[in-house]
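Here is what each chain is made of, one letter per residue.
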Amino acid sequence: MFKYYWAEVFLLIFNKELLQREQGPIKELIPLCRKTAAEGSVLLKNDNKTLPLSKDSKVALFGKATIEYIKGGGGSGDVYVPYIRNIFEGVEEKITSQNIYMPLVEFYKDYVKRESVNIPSQEEINATWDIVNNMDFCTTRDDMTYDTFASMHVKEPAIESSLIKSASEFASVAIITLSRFSAEGVDRRPIEGDYYLS
């Protein structure tokens, strides 16, 4: 079934009439891509029939992707999309916000808003790329490239144990997201807190 959907996607992508008409994403592809992604997802374990969550599930959302969702990587790993929804918005659509532990969501909203002021402007990023692109290949170039990509998003925050405790008292389910950015030639560093999560 999955192969069939992708064949249909490719037929739509290479439809000359659609390509000439559309500037940006092809609207006819959106429902098909959603269906393909949903049916192509693989669940490794579903102990105790945890999924799918019921509408009355009490949920705690952990991870900065609750608010700052990274939809793709850099270079060819990036895609144009007409909108981006974060994890909170997606969960809220299926489970009412009264069943989501909102103090944790508010914590991430405040954190992302506060830390986003440290993200460099496009002009600053372009100035760094001008330097990097004129360098010979070396560790310094790799480090500057990595640091520039890493600076485009906020880091994962530490969470007070009291907030974790109150979330666990409210929720029967925790959804934990790990949100990381990579690009071609710039993946993770083999150090603690990066590739090695702890």
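Source: prediction; values computed, not measured. (Residues numbered from 1 in each chain as written. Predicted model: local features only at pLDDT ≥ 70, side-chain atom pairs only at ≥ 80, totals over all residues. Heavy atoms only, no water.)

Along its length, the chain carries eight helices and two strands. Listing the helices and strands of the chain from first to last along the sequence gives α-α-α-β-α-α-α-α-α-β. Within the chain, the fraction of its 198 residues that count as buried is 28%. For the chain, long-range pairs separated by at least 24 residues make up 69% of all intrachain contacts whose partners lie at least 6 apart in sequence. On the chain, roughly 13800 Å² of surface is accessible, and the fraction owed to carbon and sulfur atoms is 56%. (Helix = DSSP H or I, 4+ residues; strand = E, 2+ residues; numbered from the N terminus. Buried < 20%, exposed > 50% of the residue type's maximum accessible area, 1.4 Å probe, protein only. Contact = heavy atoms within 4.5 Å. Areas by Shrake-Rupley, 256 points an atom, 1.4 Å probe, with all protein chains shown as cover.)

So, about the pairing of strand S1 (residues 59-62). Consecutive side chains of a regular strand alternate in pointing toward one face of the sheet and then the other. Of the two faces of S1, the one carrying Val 59 and Leu 61 and the one carrying Ala 60 and Phe 62 are both buried. Strand direction decides the pairing type here: S1 and strand S2 (residues 173-176), joined by four bridges, are parallel. Bridge pairing in S2 places Ala 60 opposite Ala 174. (Pairing = 2+ DSSP bridges.)

Another aspect to go through is the environment of Ala 65. With respect to the helices and strands, the residue Ala 65 is situated in the loop between S1 and helix H4 (87-94). Remark: the alpha-carbon pair of Ala 65 and Asn 86, spanning 21 residues in sequence, is separated by 6.5 Å. With sequence-adjacent residues up to four places away left out, Ala 65 is seen in contact with Asn 86, Ile 87, Thr 177 and Ser 179.

Let us look at the packing of aromatic side chains. As enumerated under the stated definition, the model contains three aromatic pairs in all. On the basis of an interplanar angle of 75 degrees and a centroid distance of 5.1 Å, the ring pair of Phe 107 and Tyr 108 is categorised as edge-to-face. The class of Tyr 108 is buried, set by a relative accessible area of 1%. When the centroid spacing of 6.5 Å and the interplanar angle of 15 degrees are considered together, the rings of Phe 107 and Tyr 111 count as stacked. Linking Phe 107 with Tyr 111, this pair stays in helix H5 (residues 102-115), spanning four residues, or about one helical turn. The exposure class assigned to Phe 107 is partly exposed, which follows from its relative accessible area of 22%. An aromatic cluster of at least three residues, connected via ring pairs, comprises Phe 107, Tyr 108 and Tyr 111. Its end group placed over the ring of Phe 137, Arg 141 keeps NZ or CZ at 4.3 Å from the ring centre. (Phe/Tyr/Trp six-rings, centres within 6.5 Å; stacked < 30°, edge-to-face > 60°. Lys NZ or Arg CZ within 6 Å of the ring centre and 35° of its normal.)

Summary statistics for the chain give a mean pLDDT of 79 and a share of 77% for residues scoring 70 or more. Of all the helices and strands in the chain, helix H1 (residues 2-13) carries the lowest mean pLDDT, 47, while H5 carries the highest, 96. Ignoring residues within four places in sequence, the model shows residues 1-7, a span with pLDDT below 50, making eight contacts including any to other chains. (pLDDT = per-residue confidence, 0-100.)

The next point concerns the pattern of salt bridges. Going through the model one piece at a time under the given rule, you end up with five salt bridges. Where Glu 106 meets Lys 109, a salt bridge forms, and the shortest distance between an N and an O atom there is 3.7 Å. On the criterion of helical spacing, the pair formed by Glu 106 and Lys 109 is a turn pair, its members being three residues apart in helix H5. Residue Lys 165 pairs with Glu 169 through a salt bridge whose shortest N-O separation is 2.5 Å. Residue Lys 165 and its partner Glu 169 are both found in helix H8 (residues 161-170); the two are separated by four residues, about one turn of the helix. The same class applies to Lys 165 as to Glu 169, namely exposed. (Salt bridge = Lys/Arg side-chain N within 4 Å of Asp/Glu carboxyl O.)

Judged by nonpolar contacts, the single largest core of 20 residues is most densely connected at Ala 60, Leu 61, Ile 100 and Leu 104. Of all the secondary-structure elements, those providing two or more residues to this core are S1, H4, H5 and H8. For this core, the element with the most residues is H5, which contributes five residues. Contact partners of Leu 104, with chain neighbours within four places excluded, come to Ala 60, Leu 61, Phe 62, Leu 163 and Ala 167. (Core = buried A, V, L, I, M, F, W, Y, C linked by side-chain atoms within 4.5 Å.)

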